[in-house]
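Residue-level structure breakdown
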Amino acid sequence: MSDSGRSHIFSKPPSEYTPRACLMLLGSFTGVFCTVGFMNSFGLFEEYYAKSQLAEESQSTIAWIGAIAVFFIFFVSVVSGPLLDTIGPRILLCVGSFGTVFSLMMTSLCHELYQFILAQGVLLGISQSLLTCPMIALVGQHIKVKRGFAVGIVISGSSLGGVIWPIAVNKLLQDPRIGFGWTMRIVAFIMIPLLAVSCLCCRPPAKPLPAITPEFQAAAVDTEKSSPRISQDQPPKPEHEPSILKNPSMHLTCLAFFIIYFGMFSPFFYTTSYAVAQGFSADLAFYTISIINGASLFGRILPGILADRYGRFNCCFVATFLSGIIALCWTKATSVAGLVVFSAAYGLASGAILSLQQACALQLATPKSIGLAVGVVMASAALSAMAGIPISGELAQKYGYLSLSIYSGVSLLVGSLLLLAARLAQSREVFAVV
């Protein structure tokens, strides 16, 4: 056989973006659109509840509904991630989809604070965690090279959801013929076909045995004859992979995101109330949520492309540091143009954190512990993500938005330094791609 034919057989790797992988990306995108994308619109619900069903409660108290949901989305990932590695995604996705729709139906019947906490907080958070973590981990199972870009595509579904859901829900709530109850039911009905796509398309990668053709076998024999044999004295490969839970870089990464999430969601949840407090129109205040999430859409895809080339930890550090600087400038947005620029800039910078967090987790994972790695890194931020939202509400209510700006910015800057430490733990070379 000619050298050119042999080279063609062995040097051209198959594309990672097989039809099965592309369907997985589609299913994960629609799933994240319904889970994290819907949670990104909680700022709208917080403003609505404060004027209607929960008018007697303080803003920081109402914030506990979203805080508890965010906590369970992250915390239950430490269970759903390893379950993906053992039982696969099908059961997790079906149970999570049913629970998400059921929780929205129950929310439509709520009137008291404890009812909202149980339905839109606990049940919705647990159900969405059974969807989010497995779908992100599946990206790592299918895509080995351009993971940053692939994760960015999937996570961008949450940004698109953060743009569309607030607009759709707000239009429905303003229609007196529909009301709150039917608004939540309509949202649930919209999610049913989208989550069905996730359940059908999100499958683990197929591992068929390669077909042994006569041409391939002849080329393999020729290659074996011309290649030196492996020495029998070489030490055998270890049977068990080292645990990622003992990796110092994993410890620093988890600590970094624990600190980051104390203040990262503050602008997402409180830019609307800040705009109202500054005297801006209600329409502009409402659209700040969509501006942040719209800019975040690009912030979750473009940094993923850069991360595959320049390093995931490198890009995540830069994005987190820039987010901290922008958060410190929050109260300088005193005009319409300033508020729009702040919302767009923070959405663009912070969007990279959410996508690159998962890319960093996948980089530290071993082939058999992808679900565990994603679950552990997500769970590390559970308590801080939950506590950060009501803490932000208390700061804004008692001390003003300058204190909230400082709180958010400092947590992001400290977290960026810990990410830098995690990066240096892997390589101390200044220009290394990590």
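In this text the structure is predicted, and so the values were computed from the model without any measurement.

Quick notes on the overall build of the protein
Scanning the protein from N- to C-terminus turns up 19 helices and 0 strands. The buried share of the protein, taken over its 434 residues, is 55%. Across the protein, contacts joining residues at least 24 apart in sequence account for 86% of those joining residues at least 6 apart. Carbon and sulfur atoms provide 69% of the accessible area of the protein, an area that totals close to 19100 Å².

A look at the environment of Q53
With respect to the helices, strands and loops of the structure, Q53 is situated in the loop between α4 (42-51) and α5 (59-75). For Q53, the side chain forms a polar contact with the side chain of S52, separated by 2.6 Å.

Let's talk about the side chain of S158
One can find S158 in helix α9 (residues 147-174). Residue contacts for S158: discarding those within four places in its chain leaves V32, F33, V36, G37, N40, N293 and R300.

Structural notes on a nonpolar patch on the surface
A contiguous nonpolar patch, built from V318, F321, L322, I325, L328, L402, I406, V410 and V414 and spanning about 710 Å² of accessible area, is present on the exposed surface. Looking at the nonpolar patch, the elements with two or more residues in it are α15 (312-328) and α19 (401-426). With 5 residues, α15 is the single largest residue contributor to the nonpolar patch. Within the element layout of this structure, I406 appears in helix α19.

Side note on the packing of aromatic side chains
The final tally for this structure, using the stated rule, is 25 aromatic pairs. For the ring pair Y274 and Y401, a centre distance of 5.3 Å and an interplane angle of 70 degrees mean the geometry is edge-to-face. Here Y274 is found in helix α13 (residues 266-277), whereas its partner Y401 is found in helix α19, with 127 residues between them in sequence. Of the residues examined, Y274 reaches a relative accessible area of 2% and is grouped as buried. Residue Y401 is classed as buried on the basis of its relative accessible area, which comes to 14%. Across the ring face of W182, the terminal group of R185 is positioned such that the distance to the ring centre comes to 4.9 Å.

Let's talk about helix α16 (residues 336-364)
In this model α16 runs 43 Å from its N-terminal to its C-terminal C-alpha over 29 residues, within 8% of the 42 Å that 1.5 Å per residue would give. Helix geometry: α16 is bent most strongly at S355, by close to 30 degrees.

Describing the nonpolar core
Among the nonpolar cores identified, the biggest contains 127 residues, and F38, I65, F74, Y261, M264 and F265 are the most heavily contacted of them. Counting contributing residues per domain, this core is built from domain 1 (16-205) and domain 2 (246-433), each supplying no fewer than three. If we ignore the near neighbours within four places in the chain, the residues touching F74 are Y261, F265, M378, A379, A381, A382 and A385.

Notes on the state of the cysteines
Taken as a whole, this structure holds 0 disulfides when the rule is applied. The structure places no disulfide on C202, whose sulfur is separated from the nearest cysteine sulfur, that of C201, by 6.8 Å.

Digging into α9
In an α-helix, one turn spans 3.6 residues; hence positions three or four apart end up facing the same way. Taking 1.5 Å per residue as the helical rise, α9 with its 28 residues ought to reach 40 Å, and the 41 Å between its terminal C-alpha atoms agrees with that figure. Taking the largest bend as the criterion, α9 deviates by roughly 25 degrees, centred on V154.

Topic: the pattern of salt bridges
The full count for this structure, using the stated rule, is 3 salt bridges. The partner of D308 in a salt bridge is R312, and the shortest N-O contact between them spans 3.0 Å. Relative accessible area serves as the criterion here: at 17%, D308 is assigned to the buried category. Under the relative-accessibility criterion, R312 is labelled buried at 11%.

Notes on the packing of α15 against α19
Contact geometry of α15 with α19 gives a least axis separation of 7 Å together with a crossing angle of 165 degrees. With respect to α19, the element α15 is oriented roughly antiparallel. Considering only the axes of α15 and α19, their crossing is left-handed. Classifying every residue of the contact of α15 with α19 gives 14 nonpolar, 10 polar and 1 charged.

Considerations on the confidence of the model for the protein
Taken over all residues, the pLDDT of the protein has a mean of 84, while the share at 70 or more is 88%. When pLDDT is averaged over each helix and strand of the protein, the minimum, 42, is found for helix α11 (residues 214-226) and the maximum, 95, for helix α7 (residues 90-107). Between residues 208-238, whose pLDDT stays under 50, and residues either more than four places distant or in other chains, the model counts 15 contacts.

Rules and cut-offs
Along each chain, numbering runs from 1 in the same order as the chain's sequence is written. The predicted nature of this model means local features are confined to residues of pLDDT at least 70 and side-chain atom pairs, given and counted, to a pLDDT of 80 or more, with totals for whole chains, interfaces and linings taken over all residues. To get the side-chain values, take all heavy atoms of the structure and skip hydrogens and water. Only runs of H or I of at least four residues qualify as helices and only runs of E of at least two qualify as strands under DSSP, and these elements are numbered from the N terminus. Burial classification: accessible surface area is computed with a 1.4 Å probe over protein chains only, and a residue below 20% of its type maximum counts as buried, one above 50% as exposed, and the rest as partly exposed. We call two residues contacting when some pair of their heavy atoms lies within 4.5 Å. Shrake-Rupley sampling with a 1.4 Å probe provides the accessible areas, and residues are treated as covered by the protein chains on show and by no other component. Two N or O atoms form a polar contact when they lie within 3.5 Å of each other; inside protein one atom must be a possible hydrogen donor and the other a possible acceptor, and for residues adjacent in sequence the pair counts only when both atoms belong to side chains. Here, patches come from residues exposed beyond 30% relative accessible area and free of salt bridges, joined within 9 Å for like charges and within 5 Å for nonpolar side chains (Val, Leu, Ile, Met, Phe, Trp, Tyr). When a carboxyl oxygen of Asp or Glu lies within 4 Å of a side-chain nitrogen of Lys or Arg, that pair is called a salt bridge. Centre distance within 6.5 Å is the pairing criterion for rings of Phe, Tyr and Trp, where only the six-membered ring of Trp is used; planes under 30 degrees apart are then read as stacked, over 60 as edge-to-face, and the remainder as tilted. Counted as over-ring charges are cases with an Arg CZ or a Lys NZ within 6 Å of the ring centre that also lie within 35 degrees of the ring normal. What a helix should span is 1.5 Å times the count of its residues minus one. At any given residue, the bend is defined as the angle formed between two axes, one fitted to the seven residues that end at that position and one fitted to the seven that begin there. Residues belong to a common nonpolar core when they are buried Ala, Val, Leu, Ile, Met, Phe, Trp, Tyr or Cys residues joined through side-chain atoms within 4.5 Å. Domain delimitation follows an automatic or database domain assignment. The disulfide criterion is simple: two cysteine sulfur atoms within 2.5 Å. Convention adopted: a line fitted to C-alpha atoms gives each axis, helices being fitted over their contacting stretch, and angles between N-to-C directions are expressed from 0 to 180 degrees. When an angle is under 35 degrees it counts as roughly parallel; over 145 it counts as roughly antiparallel; between 65 and 115 it counts as roughly perpendicular; any other value is oblique. Note on convention: the crossing is left-handed when the near helix lies turned anticlockwise from the far helix by less than a right angle, right-handed when the turn is clockwise. Amino acid classes used here: Ala, Val, Leu, Ile, Met, Phe, Trp, Tyr, Cys and Pro are nonpolar; Asp, Glu, Lys and Arg are charged; the rest, including Gly, are polar. On a range of 0 to 100, pLDDT expresses the predictor's confidence in each residue.

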